[in-house]
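# Coordinate inspection notes
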Amino acid sequence: MGATPNLSDEELAKLAEQEAKEEVIVVTGSTIERKQLTTPAPVTILNKQDLDATGRVTIGDILQQLPSQTNGTNAQVNNGGDGSTRVDLRGLGPERTLVLLNGRRIVPMGLGADSSIDLNSIPLAVVDRVEVLKDGASSVYGSDAISGVVNIITRKDFNGTEVTLYSGVAEQQGCNTAVNNGTPVDPNCGGPGFSGNGFTYDASFVTGHTSKKGNIMFSAGFMKADPVYDGDRPWSNRQLAFDFTSDCNRHMANPVAGLPPCVNVSGSSAVPNGFLDMGSITDPTGATAFTPSINCGMDGMGNLNVCINNGKGGIRAFQDSDLYNFASVNYLYTPSKRYNVYSEGHYDLTDNVDAFFEALYVNRSSDQQLAPEPFLANVPITGGLYADGTPINIFNPYNDGTKGQEEDFQDYRRRLVEFGPRTFDQSIDTFRIVAGLEGKLPENLGVFKDWKWELSYNYGRTDATQLNSGSLIKSHLAEAVGPSFTDSTGNHCGVSVAEGGAGDPGDGCIPINILGPAGSISSASKAYVTFTGVSSGFTDQRVALAQAHGEFVKTPWGGDLSGAFGADYRRESGAFNPDPLTATGDTTGNQVAPVEGSYDATEAFGELSFVPVANKKFAEWLEFDAAGRISHYNLFGNANTYKLSALYRTAFGVAIRGTYSTAFRAPSVSDLFSGQSDSFPSVEDPCDTAPPSLGGMTRTLDPKTQAECTKEGVPVGSKFDSSQQRSKVGGNPDLKPETATVATAGIVYEPLHGLAFTADYWNISIDQGIDALPTGTILDECYALGIQSSCGLITRNPVTHQIDTITDTEQNVAKNTTDGIDFSGTYDFTKKGIGRIRTSIEGTWLHKWDFDPTGENLPGTVIHAQGNFDAGLHPAFRGVLSSFWTGEKGFGAGLIGRYVGTYHECDPATGGCSGVPIDPTTGQGAPFRDVDRYYEFSIFGNYQFKSSAGTTTVTVGINNLFNTDPPAVYTAFANNTDGSVYDFYGRFYYVRLNQLF
């Protein structure tokens, strides 16, 4: 700061003292105040200009652009999402990234018993900056800080009133009206203007007042985002599949115009008019098999007699073009609304004691939508005749009149479009309040004089409800498609008295015409089999904290010895209660077990920071730090962590830094207390000599596999023809914390004022990771490797000898190792006549990302995900470039570019890229394709002017300027690509008006 005229010497001294105080800050990763922004650990800081420049309205969407973040869920995740956006540093899971608000924990947010933070719930209007620590910090903050810490800092001492209005919409890209009988799924698609393309609106205000005694700030806001449908984008309006075989171009039956080589249109054979494999109709009585009067031909894969109802009372051959396009019905970007209120303040009770508080309330509503329920006749539908010729199912059109025959349809599929799409609607309320006292210790405490202290209590709670519709009651459906009869009063479920049955069961069942074409299911039948499920849950967090920090002594060379210590008590509790039908599994959706539990943690921590030398010719700054934490959990005992770090900054603009720490993550309430639920992963029985993947052929089992199968009582040559196995998934109350070691080493170079370069190597290794083993790994360990502990998890039916259940609950088994280099460059300069220009680049080079689900480095079980799409998206390179100009006459502009590198996508039939690793001799490995590199650019311009109303800033911008489509990833879970990394909106226009009074 330049000289200030007309001030006395005393006033100048006070001003200098105040400036010195302002230079002392607390940077994320330590509780000790420091005078250096360069820290021993790498930290990325996003200030308010950085946040506003993104053109986005949620902290979550902004942080997901960071190169160090990957695979975090967001509003682009429809199937399996819950409307939340979570940050996932290093791709190790959001539960291993600790999110703080003003250095304190935030209650996890979601449907109940959650373990991470929904960043959409933090109002952007109150945020001053975000500090991202890319280092382990369990010794400072406790559990969960393994891959890093995100600390959201709010605006302090705000004085005035600020109103912000934002509106944005994606460019309309047409809609796929040719799908599913020509009806566009999005009711707004093709409408006026940009309707139906993710229209987003955000309004907020912040007001604050500062006095000599303190400050208070209040903020409120509303945000609404409309959906985008899969059918609204040409790259997602149908499901595609890639043929990884080397001669795919030769044997593709019907190449589709406009699609790349080896790409086929996919879809579901559960179609609205019904799919029937005539060859699957069997006669359980042993009589002559039923033979339909029409041969429907082939389905293109060698299967005979595959038919579809023609909608006119007859049947015809099923064709690939009949496949149901479920993609077009789904959301591509899920809709949401958010109401938020935030307030904080502090008041000087005395010269040395302040009272402070923070209060947050957020309501978020969101929903997801999936295509209508598919009916799959895994259990046969009896459809034959009794002696008098009355059909058992009154809607069965396939009868030949032969007395005594009862034919079963083993393979019948139908899309139940009459029931509408499956929907999942959430309403989530989060409340958090922090209150406490802070101040300085008295002057007469010797080395502890002027130490700052804090006593605080942090309470947070999230309550959620979710409504599910579109799924059916399984037991009611089985009754409604079972035996039925007709009398003078109408259609009835069951077997009539005349046929020797009990007649109508009297429970309201109405026979359902599952065998008819679309529209044949009556409203009465629908009412009997449908339900609306209501689930609820909560997460509750309570933290009491006492801490102090300050300087012990100064050194003769301009440095000091500082310290911090404290203790806290934390209680975490939560529950999730699904609706009764979902909890018992009496639904066509997945069974979900309830969760409920709690745990307590008591911790003590301390830090020492020794700066022997500062501001000398041979050392501008030399620092050695040590931190430690002792934790006691009531469920599993103690966990101790420590951290060592150092920083040496020369007078020539070069700094060398490094850290080494241990870290841990305590199991969450869900990890510990989830009940067991059914899951049906796609894996084949190793004892099956004719699995579906062989297409009717048989195999001879490996001798080791055969020996284990025989040991379990499976007859030689058994054929099960099952591509899915039932597994039991859920929590485990015996879990222990997972542990980790984290190391960083880096260099910072500042050759001149405003120009800086950094490069930091990082390495994270997690042991005894909390995870459920992949079901295929359990089978491989048992039948290929002979590991009896894994064999003990497999239960077979004593009669059929098929796998009955695979127990696959959470275990302390996994090992994760990942390392790489973060790099950045920044140039910030101001020139008269031009203004200020700040340009920066930040990137990550990933060297390794290995996941070993067994923790034992067994052959064929380790997933090497770096450069492969085997455990999420882990390209070798990711980067962000930004450049902002602030002119001298109120104008400004900016550019942001984002890069995601290429990686391999491999044939899942071979176990992915890690299933068949590259042979160093031949160079051959799993069949793969290269996913395209991704470039995305955004621009904005603004103008700021002052008037009698205050300062007005108008910003207009375009995100994804060149309307770059996400690259195709055909093995991704949905949408032919990965929504956790790439942008689904396309070109997005926005305008923001900010008024500061």
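Residues numbered from 1 in each chain as written. Predicted model: local features only at pLDDT ≥ 70, side-chain atom pairs only at ≥ 80, totals over all residues. Heavy atoms only, no water.

### What to know about the overall build of the protein
Along its length, the protein carries 13 helices and 48 strands. Taking the intrachain contacts of the protein between residues at least 6 apart in sequence as the baseline, contacts between residues at least 24 apart amount to 72%. When the accessible surface of the protein is split by element, carbon and sulfur atoms take 57% of a total near 42400 Å². (Helix = DSSP H or I, 4+ residues; strand = E, 2+ residues; numbered from the N terminus. Contact = heavy atoms within 4.5 Å. Areas by Shrake-Rupley, 256 points an atom, 1.4 Å probe, with all protein chains shown as cover.)

### Considering the sheet that holds strand 12 (residues 275-277)
An order of 15-14-12-22-19 is seen for the 5 strands of this open sheet, with the pairing classed as antiparallel. The sheet is open, and its two borders are formed by strand 15 (315-317) and strand 19 (374-376), each paired with just one other strand. The average angle at which neighbouring strand axes cross in this sheet is 20°, direction not considered. Bridging between strand 19 and strand 22 (residues 412-415) involves 3 bridges; their strand directions are antiparallel. Bridge pairing in strand 22 places L376 opposite R413. (Pairing = 2+ DSSP bridges. Axes fitted to C-alpha atoms, helices over the stretch in contact; angles between N-to-C directions.)

### A look at the state of the cysteines
Inspection of the entire model under this criterion finds 4 disulfides. Here C493 engages in a disulfide with C509; their sulfurs sit 2.0 Å apart. Taking the sign of the S-S torsion, -70° for the link of C493 and C509, the bridge is left-handed. In this pair, C493 sits in strand 26 (residues 490-493) while C509 sits in the loop between strand 26 and helix 7 (523-529), placing the two residues 16 residues apart along the sequence. We note that C493, like C509, is buried. With a sulfur-sulfur separation of 1.8 Å, C906 is cross-linked through a disulfide to C913. (Disulfide = S-S within 2.5 Å. Buried < 20%, exposed > 50% of the residue type's maximum accessible area, 1.4 Å probe, protein only.)

### With respect to helix 11 (residues 775-783)
Residues separated by three or four positions in an α-helix point in the same direction, a consequence of the helix having 3.6 residues per turn. Among the 9 residues that make up helix 11, 7 are buried, leaving the element largely enclosed by the rest of the structure. Those residues of helix 11 lying buried are T775, T777, I778, L779, E781, C782 and Y783. Looking at the buried side of helix 11, the elements it contacts are helix 10 (703-711), strand 34 (727-729), helix 12 (788-791), strand 37 (794-796) and strand 38 (803-807).

### Some remarks on the side chain of E708
Mapped onto the secondary structure, E708 falls in helix 10. Of the side chains bearing the opposite charge, K711 lies closest to the buried E708, which forms no salt bridge; the N-O distance is 4.4 Å. Sequence-distant contacts of E708, that is, excluding residues within four places in its chain, are made with C782, Y783, Q788 and C791. (Lys, Arg positive; Asp, Glu negative; His and termini not counted. Salt bridge = Lys/Arg side-chain N within 4 Å of Asp/Glu carboxyl O.)

### Describing a nonpolar patch on the surface
There is a patch of nonpolar side chains on the surface, built from L165, F199, Y201, I834, W885, F891, Y943, F945, V954, V956, V991 and L993 and spanning about 970 Å² of accessible area. Only strand 46 (934-947), strand 47 (950-959) and strand 48 (988-996) provide two or more residues apiece to the nonpolar patch. Following the sequence through the fold, W885 ends up in strand 42 (residues 877-886). (Patch = residues over 30% accessible without salt bridge, like charges linked within 9 Å, V, L, I, M, F, W, Y side chains within 5 Å.)

### Quick notes on the nonpolar core
Most often, soluble globular proteins keep nonpolar side chains buried together rather than apart. Formed by 29 residues in total, the largest nonpolar core has its most connected members in I59, L63, V99, V127, V130, V150 and I152. Where this core is concerned, the elements lending two or more residues are helix 3 (59-63), strand 2 (97-101), strand 4 (127-133), strand 5 (148-154) and strand 18 (353-370). Non-local contacts of I59, meaning those with residues more than four positions away in its chain, are made with L119, I122, L124, V127, V130 and I152. Judged by nonpolar contacts, the second largest core, of 21 residues, contains M278, F375, L477 and A480. (Core = buried A, V, L, I, M, F, W, Y, C linked by side-chain atoms within 4.5 Å.)

### Quick notes on the pattern of salt bridges
A complete count under the given rule lists 42 salt bridges for this structure. Notably, a salt bridge pairs R649 with E750, separated by 2.4 Å at the nearest N-O pair. Of the two residues, R649 is situated in strand 31 (residues 637-649) and E750 in strand 35 (residues 738-752); the sequence distance between them amounts to 101 residues. D767 is paired through a salt bridge with K815; the nearest N and O atoms lie 2.7 Å apart. Pair noted here: D767 is in strand 36 (residues 755-771) and K815 is in strand 39 (residues 811-831), with a separation of 48 residues, a long-range link. Each of E95, R96, R665, D671 and E738 takes part in one network of salt bridges that share partners.

### Notes on the packing of aromatic side chains
Counted under the stated rule, the structure contains 26 aromatic pairs. Seen in terms of ring centroids, W451 and F565 are 5.7 Å apart; in terms of plane orientation they differ by 40°. Their pairing is tilted. Of this pair, W451 sits in the loop between strand 23 (422-440) and strand 24 (452-469) while F565 sits in strand 28 (residues 558-577); the two residues are 114 residues apart in sequence, bridging distant segments of the chain. Of the residues examined, W451 reaches a relative accessible area of 0% and is grouped as buried. Residue classification places F565 among the partly exposed residues on the basis of a relative accessible area of 44%. An aromatic cluster is built from F448, W451, F552 and F565, whose rings are joined through pairwise contacts. Its guanidinium or amino end placed over the ring of W762, R90 lies 3.9 Å from that ring's centre, counting from NZ or CZ. The aromatic ring of F242 is capped on one face by R929, whose charged end is 5.5 Å from the ring centroid. (Phe/Tyr/Trp six-rings, centres within 6.5 Å; stacked < 30°, edge-to-face > 60°. Lys NZ or Arg CZ within 6 Å of the ring centre and 35° of its normal.)

### Brief notes about the pairing of strand 40 (residues 835-852)
When strand 39 meets strand 40, the two strands line up antiparallel, connected through 17 bridges. In the strand pairing of strand 40, S824 is matched with E842. The hairpin turn running from strand 39 into strand 40, its antiparallel successor, is 3 residues long, and G833 in that turn takes a positive phi close to 90°. Pairing of strand 40 with strand 42 involves 10 bridges; the strand directions are antiparallel. Within strand 42, the position partnered with T839 by the bridge is S883. Both strand 40 and strand 41 (residues 863-864) contribute to a ladder of 2 bridges, which runs antiparallel. Bridge pairing links D850 to H864 in strand 41.

### Observations regarding the pairing of strand 31
Direction of pairing for strand 30 (residues 621-633) relative to strand 31: antiparallel, over a ladder of 13 bridges. Directly across from R629, in strand 31, lies its bridge partner T641. Count of turn residues in the strand 30/strand 31 antiparallel hairpin: 3 residues. By the bridge criterion, 7 bridges tie strand 31 to strand 32 (residues 654-665) in an arrangement that is antiparallel. Looking at strand 32, one finds that R649 is bridged to A655. A loop of 4 residues connects strand 31 with strand 32, the two strands running antiparallel in sequence, and G653 in this loop sits at a positive phi of about 85°.

### A look at the sheet that holds strand 34
With respect to topology, 4 strands assemble into an open sheet ordered 33-34-38-37, the strand pairing being mixed. Where the open sheet ends on each side, the last strands, each with one partner, are strand 33 (677-679) and strand 37. Each strand axis lies, on average, 30° off the axis of its neighbour in the sheet, ignoring direction. Pairing analysis gives 3 bridges linking strand 33 to strand 34, with the strands arranged antiparallel.

### Re the environment of V900
Its location among the elements puts V900 in strand 43 (residues 891-900). Using a relative accessible area of 0% as the deciding quantity, one classes V900 as buried. Taking the C-alpha atoms as reference, V900 lies 5.0 Å from Y934; in sequence the two are 34 residues apart.

### Points about the side chain of Q239
Considering the arrangement of structural elements, one finds Q239 in the loop between strand 9 (228-229) and strand 10 (240-242). Non-local contacts of Q239, meaning those with residues more than four positions away in its chain, are made with N264, V265, S266, N325, F326, A327, N975 and N976.

### Here we look at helix 10
Along helix 10, the residues classified as buried are T705, Q706, E708 and C709. With its buried residues spanning 165° around the axis, helix 10 presents them on a single face. Among the exposed residues of helix 10, those pointing more than 90 degrees away from its buried face are P703 and K711. Turning to helix 10, the residues buried within the fold contact helix 11 and helix 12. For helix 10, the N-terminal cap is D702; the gap from its side-chain oxygen to the backbone nitrogen of K704 is 2.9 Å. (Arc of directions from axis to C-beta. Polar contact = N/O pair within 3.5 Å; in protein donor to acceptor, adjacent residues only side chain to side chain.)

### A few points about unusual backbone geometry
Even without being glycine, Q768 reaches a positive phi, approximately 55°. The phi torsion at N976 lies on the positive side, around 65°, for a residue other than glycine.

### A short note on the confidence of the model for the protein
When the pLDDT values of the protein are averaged, the result is 86; 87% of them are 70 or greater. Below a pLDDT of 50 lies the segment residues 1-22, which in the model reaches 7 contacts outside its immediate sequence neighbourhood of four places, other chains included. For the stretch residues 177-188, pLDDT sits under 50, and the model shows 19 contacts to residues farther than four places along the chain or on other chains. (pLDDT = per-residue confidence, 0-100.)

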